[in-house]
Amino acid sequence: MASASGLTQQDKNIRDKVKVYRPLIEGIINPTQMLSSAEAVTLKHCLGDASVQLIKSRQTNEGDLSAARLMFDTMEKCEECGVWTAFDDLVQNAGYTRISLILREEPMENEENEENNKHLLKVMGPIVKHKIDPVVLLPQLLRDTLSEWDGQNVRAEATNKGDISATVLLFDLLLKSKTRNWFGDFMSALIESQQHNVADEIDPDYYQEWKKLRSEGSSCTSTGDESLESVSSQTSVKRIYQNDEEQEMEISYDYQENNLNRDELQSAKPLSKDVTGHTKTSSELLLNVGLETRDKQKCSVSGEWTPDANSDNTTSKQSVDDSNTRDLTSDGEEDAEQEAELQLRDYQKELARAGLEGKNCVIVAPTGSGKTMVALKIIQKHFSRQDSGIRKVAFLVNNVGLASQQAAACKKILPSLRTKLMCGGNEEQLSLSMLLPMVDVFFMTAQILLDALRNRNQENISLSQFTLIVFDECHHTFKKHPFNGIMFSYMDQKLQEGGQTSPLPQVIGLTASMGVGKAKNIEQAKMHIQKLCANLDASQICTVQKAVGELADFVPVPDEDIKSVEGRREDKFADFIQSWMDSIEKKIKAKGSSCATLEDPPRGKRDRQEYKQWISKIRRDVAVVYDSDMRYYCMSCINFAQMCNDALMINQDVRTRDALEYLKNKVSEVDSSRVHAVEKELIKHFRDNLAYLDTVSSSPLAVNPKLQELKKMILLAYKEKDDSRGIIFVKTRDLVQALHRWMMETPDLEWLNPHKLVGQATQEEGGMTQNQQRDVLTYFKDGHHKILIATSVAEEGLDIQKCNLVIRYDYTTNEIAMVQARGRARAENSRYISVVTEGRGIAEKEQLNMMREVMMNKAIRELQTDIATNPRPFLQCIQALQEESKIERDLAGKEFGGASFVEGDFQLRCLTCDQFACFNYDLRRFESTHHAVISEDFPAHCNVSPHPKPTVFSQNLSMTGKISCHNCRRDWGIVAIYHDKRLCVIKISSFVIEDFHKNRDVCKKWERSGSKWKNLNRPIMKGSAELAWPLVRSWLLVIQGGEVFR
């Protein structure tokens, strides 16, 4: 580096400006291009040849951003006269004239800006603290803003208490920082770590102008095929809660004192003043120098527009709300003129042919073949027909994640159509009937449409108002699935007396596997497929028959393998638990001898799913017994038997110490409540033997051979390709937790940063929110998490092009789930492996699934031949199956998903002790699935306590407390805050239903209870004085500071 001779005042001014805007400039400039220009002589002289070469080498090996950081770090150490002026000249000569104009402005007055930045963080902190991963921000912040000691404290807080507590601590440290540009460093760290949505939420002006500058940098520096990655195409990525044990911690300042709205925040960020003394915001400062927005990029609508475009669930990284931003009142004519006809590959044309002709059909093709593209082509054709009539399409899926993916794909590929994403949990959105005139294509979960059809008095919706319905993953259209519920309405219209009087929509089904049910031969398999076609009123089954070679070129088939592993040679932990379960079963049998329906447990299957099914059966039998002492005694024993069954299953698949830890936690939960004498006896037995169990769980003989084999497989896959993505499927959430803990505690595997992916439920139940699921998948795609440990929730709809390893870990179900799980392996040279324990029959079940898949394909081919030769017998069979199904429904005399035994009023009583809770008319439903008690008497029957894991589910719904039985302390539900009102939300699985004829039953789900629930009155929720709400008025629960007040 050249010798120092002192900076001029102009150098210092430019240097100070660069420090403020450094995060923006770093993401824009191309250092190698700048330093290679003829005008770079002065700057290269100041930096020295060695530093210049190092910067160029860094750009080659690590990219533009890393090289820009190194260049600025080198310049800040340089005191050579003119170094910053030379940089400014070079910026202007390279085409970054707007950046140069900003750098030459007068120095900014930072004192007022500093206070406003602090004020901004105080206000926005509570809003974004649960969305930030604080640990990934540290590398950027430790350069100038925070000390190493601060970094260690943040990491320790994240490890011990979770990301939320660590984020709160980080905010506190930032507010105390003496660094001049701490806020800029913080915003830069958010952007660099891909937490764009958080940066945008904290300071929209800063983030939007960064995007514009980044866009300008792309246009200035791109040469040939080399260009900077456009920031405006970056995704909004929300950080997941990585630690389920997150606890919130009070920060050292009071958020409530700074409760400003968004408009006030926009005006609370002065950065500099003009000559008149007017304070400019960051937005004004940058816009005044003439920044231009980037032209909107146009995407091709070819069938090959991106590698993901032809996958089943084309994933857009837009936020969910993005799919709803298009003006619903627009007629779309301008877009329609520009929109090209969607082009398909030859095999996709085969799949689409029947649908394009307006026929009802089931499209069967492998995952990754582009069934979504086929469906969009059919939708495009549907709207282009010249015949009269208004077109309305419903695209139905199983979950919100799939709905948002499909909506984003349609919005991108068919922009002329007015699309609307509808998902449960958004009480503010307009009803389906109100949106119908303004929307062309609805993307929604099936339950929303089903609820609208049932609620005809309120919604005024019928299937005749739609002209096309697409069922994604249509193989679910059986029994009581919402897909089938919708088709029940369809069949009732089609088969009504006097003939069909109103038009019905075209029906398209999409699936990778139709399945064969429990078929044992081809004829039974054909009958199962015909039933599915009957349920969907499909006259055609569409598969790829001619362009098979092209399909094989585009859809790689993973290598399949079944790996059998011996279990432990000796398992003293399992021996002890089995012996304990034997004594528990004897207690149940002795006490429940008067209950004739109690069955003996399955022999030799205490560590299997069959035992869990037995527990579910006897729990139901015991629940309806009137002898409260017997019922309480048996329920207590049943609960312990289930704990032991769960522990044995964890021990079978993971580590013994994980199983023991699970038991310890469960026993502690029981011991913390009011316990029965038999529970005290069982707890004492466990604790008396705890020292022995600790010893055997630490023994070398407790090592699980399956884990050793799993480790070898994972290491081999990532050795061959270090950028691999893998998914491990397991049976239960408890196993997900245990396997994740094992990987994180295994040095050879923790670098993969594994993460959990489970179904939607509360954190207390081990579940995840929709946002958490979406964020985990985003980080998985980006490589932040290289491996996922998942339950069956990930079997459908997960579209990761880089995923090349799928492992089913001692877990198998049916041939449909096998095909779906295998289909998650999308990359070339992928592997699908089933790891099974020898002698448990799982390998044989997996082989049976493979044979059933072959049987299914053969049955489909035979049916297709029959239909092509003479379609009449097939159509007659379909009609007969539909009529038979309708007769069965009519004879049952109940609506789909209706009552289990009672149509009148009933009461809910505690499942364990028979304590009365409330009547069915004391309940109100909200957000379609939750049920709140509004009875004034309910507080006398329950206890309320703070929730150990308070959770925010959405903007309008959060969980703050727990509700338990006043008598036996059984868990009844939660205290939720809904639109600023506190509600007691109960779960029906904790209660026995008893009608006034003393008939008793238990239900796992609300829809089986037989009651048509009233909804929470919206005027009440909005504070109307017209109606009183007893719950809020008479016993408002306030949970504050760890105490509960009534």
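Residues numbered from 1 in each chain as written. Predicted model: local features only at pLDDT ≥ 70, side-chain atom pairs only at ≥ 80, totals over all residues. Heavy atoms only, no water.

Trainee: Explanation requested: the overall build of the protein in the structure shown.
Mentor: Along the backbone of the protein there are 40 helices and 27 strands. A total of 1046 residues make up the protein; the buried ones form 56% of that total. Counting every atom, the protein has about 45,800 Å² of accessible surface; 47% of that belongs to carbon and sulfur. (Helix = DSSP H or I, 4+ residues; strand = E, 2+ residues; numbered from the N terminus. Buried < 20%, exposed > 50% of the residue type's maximum accessible area, 1.4 Å probe, protein only. Areas by Shrake-Rupley, 256 points an atom, 1.4 Å probe, with all protein chains shown as cover.)

Trainee: For this particular structure, what's the right way to read the environment of K377?
Mentor: By the element assignment, K377 lies in helix α19 (residues 371-384). The class of K377 is buried, set by a relative accessible area of 10%. Along the primary structure K377 and K349 are separated by 28 residues, whereas in three dimensions their C-alpha atoms are 9.2 Å apart. K377 has contacts with E341, L342, L344 and L356, leaving out every residue within four places of it along the chain. (Contact = heavy atoms within 4.5 Å.)

Trainee: Explanation requested: helix α18 (residues 346-356) in the structure shown.
Mentor: In an α-helix, one full turn covers 3.6 residues, which means residues spaced three or four apart are oriented alike. For α18, the full list of buried residues reads Y347, Q348, E350, L351, A352, A354 and G355. At its buried positions, α18 is contacted by β3 (361-364), α19, β8 (506-511), β9 (540-542) and α26 (548-554). Just beyond α18, the residue with positive phi is G358, at close to 85°.

Trainee: Explain the sheet that holds strand β16 (residues 906-910) to me, please; I cannot follow it from the model alone.
Mentor: Adjacent strands of a sheet form backbone hydrogen bonds with each other and so pair up, either parallel or antiparallel. Strand order in the open sheet made by the four strands is β17-β16-β24-β25, with antiparallel pairing throughout. Each edge of the open sheet is held by one strand with a lone partner, namely β17 (916-919) and β25 (1000-1002). Strand-to-strand twist across the sheet, computed as the mean angle between neighbouring axes with direction ignored, equals 30°. Where strand β24 (residues 991-995) and β25 come together, three bridges link them in antiparallel fashion. The residue bridging E994 from the neighbouring strand is R1000, located in β25. (Pairing = 2+ DSSP bridges. Axes fitted to C-alpha atoms, helices over the stretch in contact; angles between N-to-C directions.)

Trainee: Which parts of the structure should I look at to understand the packing of helix α29 (residues 628-653) against helix α34 (residues 733-744)?
Mentor: Where α29 contacts α34, the axes come no closer than 10 Å and their chain directions differ by 40°. Comparing the axis directions of α29 and α34 gives the class oblique. Of the two elements, α29 crosses α34, and the hand of that crossing is right-handed. In contact with D646, M649, I650 and D653 of α29, α34 contributes D734, L735 and A738. (Parallel < 35°, antiparallel > 145°, perpendicular 65-115°, else oblique. Left-handed = near helix turned anticlockwise from the far one by under 90°.)

Trainee: Can you walk me through the packing of α29 against helix α31 (residues 677-688) in this structure?
Mentor: Pairs of packed helices are described in terms of their axes, by the angle between the two and the distance that separates them. For the pair α29 and α31, the least separation of the axes is 8 Å and the interaxial angle reads 25°. Considering their axes alone, α29 and α31 lie roughly parallel with respect to each other. Between α29 and α31 lies a crossing whose hand is right-handed. From α29, Y632, Y633, S636, C637 and F640 reach across to α31, where they touch V678, E679, L682 and I683. Looking at side-chain class alone, the contact of α29 with α31 contains seven nonpolar, one polar and one charged residues. (Nonpolar A, V, L, I, M, F, W, Y, C, P; charged D, E, K, R; others polar.)

Trainee: Looking at this model, I keep getting lost on the packing of aromatic side chains. Mind explaining?
Mentor: Pairs of aromatic rings are described using the distance from one ring centre to the other and the angle between the two planes. Scanning the model with the defined rule gives 17 aromatic pairs in all. Here the aromatic rings of Y611 and W614 are separated by 5.1 Å at their centres, their planes lie at 50°, and the arrangement is tilted. Within this pair, Y611 and its partner W614 are both found in helix α28 (residues 609-623), separated by three residues, close to a single helical turn. Given a relative accessible area of 7%, W614 falls into the buried group. Looking at K591, its charged tip hangs above the ring of Y633, at a distance of 5.2 Å from the centre. Sitting over the ring of Y809, K706 keeps its end group 5.3 Å from the ring centre. (Phe/Tyr/Trp six-rings, centres within 6.5 Å; stacked < 30°, edge-to-face > 60°. Lys NZ or Arg CZ within 6 Å of the ring centre and 35° of its normal.)

Trainee: Whenever I open this one, helix α36 (residues 815-822) confuses me. Can you help?
Mentor: When you tally the buried positions in α36, you get eight out of eight residues, the bulk of the element. Among the structural elements, β10 (559-565), β11 (725-729), β14 (803-809), β15 (831-837) and α37 (842-869) are those in contact with the buried residues of α36.

Trainee: I tried to follow the pairing of strand β18 (residues 923-926) on my own but got confused; where do I start?
Mentor: Every regular strand shows the same layout, with side chains that alternate between the two sheet faces. Where burial is concerned, the two faces of β18 agree: the one with L923 and R925 and the one with R924 and F926 are both buried. In terms of strand pairing, β18 meets strand β19 (residues 930-933) through four bridges, oriented antiparallel. Opposite L923, over in β19, you have V933 as the bridge partner.

Trainee: Would you explain the sheet that holds β3 in this entry?
Mentor: With parallel pairing, seven strands are arranged side by side in an open sheet as β5-β6-β4-β7-β8-β3-β9. Looking at which strands have only one partner, the edges of the open sheet turn out to be β5 (419-422) and β9. For this sheet, the mean angle separating the axes of adjacent strands, direction not counted, is 15°. In this sheet, strand β7 (residues 468-472) lies alongside strand β4 (residues 393-397) in parallel orientation, the contact comprising four bridges. What sits directly across from F395, in β7, is V470. Here helix α22 (residues 446-454) sits on the sheet and contacts β4, β5 and β6 (441-445); the angle it forms with β6, its principal contact strand, is near 100°. Running at roughly 130° to β9, α37 makes contact with β3 and β9 of the sheet.

Trainee: I tried to follow the state of the cysteines on my own but got confused; where do I start?
Mentor: Here is the idea: a disulfide is a covalent bond, and it sits between the sulfur atoms of two cysteines. Per the stated rule, a full pass over the model turns up zero disulfides. With no disulfide of its own, C913 has C965 as its nearest cysteine by sulfur position, at a separation of 3.5 Å. (Disulfide = S-S within 2.5 Å.)

Trainee: For this particular structure, what's the right way to read the environment of R909?
Mentor: Within the secondary structure, R909 is located in strand β16. Residue class for R909 comes out buried when judged on its relative accessible area of 19%. As for R909 and C965, which are separated by 56 residues in sequence, their C-alpha atoms are 9.7 Å apart. Sequence-distant contacts of R909, that is, excluding residues within four places in its chain, are made with D914, Q915, F916, A917, S990, F991, V992, E994 and R1000. At a separation of 2.5 Å, a polar atom in the side chain of R909 contacts the side chain of Q907. (Polar contact = N/O pair within 3.5 Å; in protein donor to acceptor, adjacent residues only side chain to side chain.)

Trainee: Sorry, what's going on with the pattern of salt bridges here?
Mentor: Should the charged atoms of two oppositely charged side chains come close, the side chains can pair. Taken as a whole, this structure holds 37 salt bridges when the rule is applied. Between E681 and K587 there is a salt bridge whose closest N-O contact spans 2.6 Å. Highlighted residues: E681 in helix α31 and K587 in helix α27 (residues 572-591), separated in sequence by 94 residues. Classification of E681 by relative accessible area gives partly exposed; the value is 42%. On the accessibility criterion, K587 (19% relative accessible area) is buried. The network of salt bridges with common partners includes R655, R657, D658, R741 and E745. (Salt bridge = Lys/Arg side-chain N within 4 Å of Asp/Glu carboxyl O.)

Trainee: What's the story with unusual backbone geometry in this structure? I'm lost.
Mentor: Glycine aside, the phi torsion of most residues is negative, and most peptide linkages are trans. Phi at N753 takes a positive value of approximately 50°, unusual for a residue other than glycine. Within the secondary structure layout, N753 lies in the loop between α34 and β12 (755-757). Of note, the phi angle at D914 is positive, near 70°, even though the residue is not glycine. Within the secondary structure layout, D914 lies in the loop between β16 and β17.

Trainee: Where do I start with the nonpolar core in this structure?
Mentor: Side chains that are nonpolar tend, in soluble globular proteins, to be buried together. Counting 91 residues, the largest nonpolar core has I714, I728 and L739 as the members making the most contacts within it. In contact with I714, not counting residues within four places along its chain, are I728, M743, L749, L752, I787 and I807. Counting residues in each nonpolar core, the second largest holds 64 residues, with M34, Y96, L121 and W182 among its members. (Core = buried A, V, L, I, M, F, W, Y, C linked by side-chain atoms within 4.5 Å.)

Trainee: Even after reading the chapter, I still don't get the confidence of the model for the protein, so can you show me in this structure?
Mentor: For any part of a model where pLDDT is low, the fine detail of the predicted coordinates should not be relied upon. On average, residues of the protein score 76 in pLDDT, and 76% of them are at 70 or above. Within the model, pLDDT remains below 50 along residues 218-337, and this stretch shows 293 contacts once partners closer than five positions in the same chain are excluded. The low-confidence segment residues 894-903, where pLDDT is below 50, has 33 contacts with residues more than four positions distant or belonging to other chains. (pLDDT = per-residue confidence, 0-100.)

Trainee: For this particular structure, what's the right way to read the environment of I727?
Mentor: Inspection of the secondary structure assignment puts I727 in strand β11. What makes I727 buried here is its relative accessible area of 1%. Distance in space between the C-alpha atoms of I727 and A794 is 8.8 Å, their sequence separation being 67 residues.

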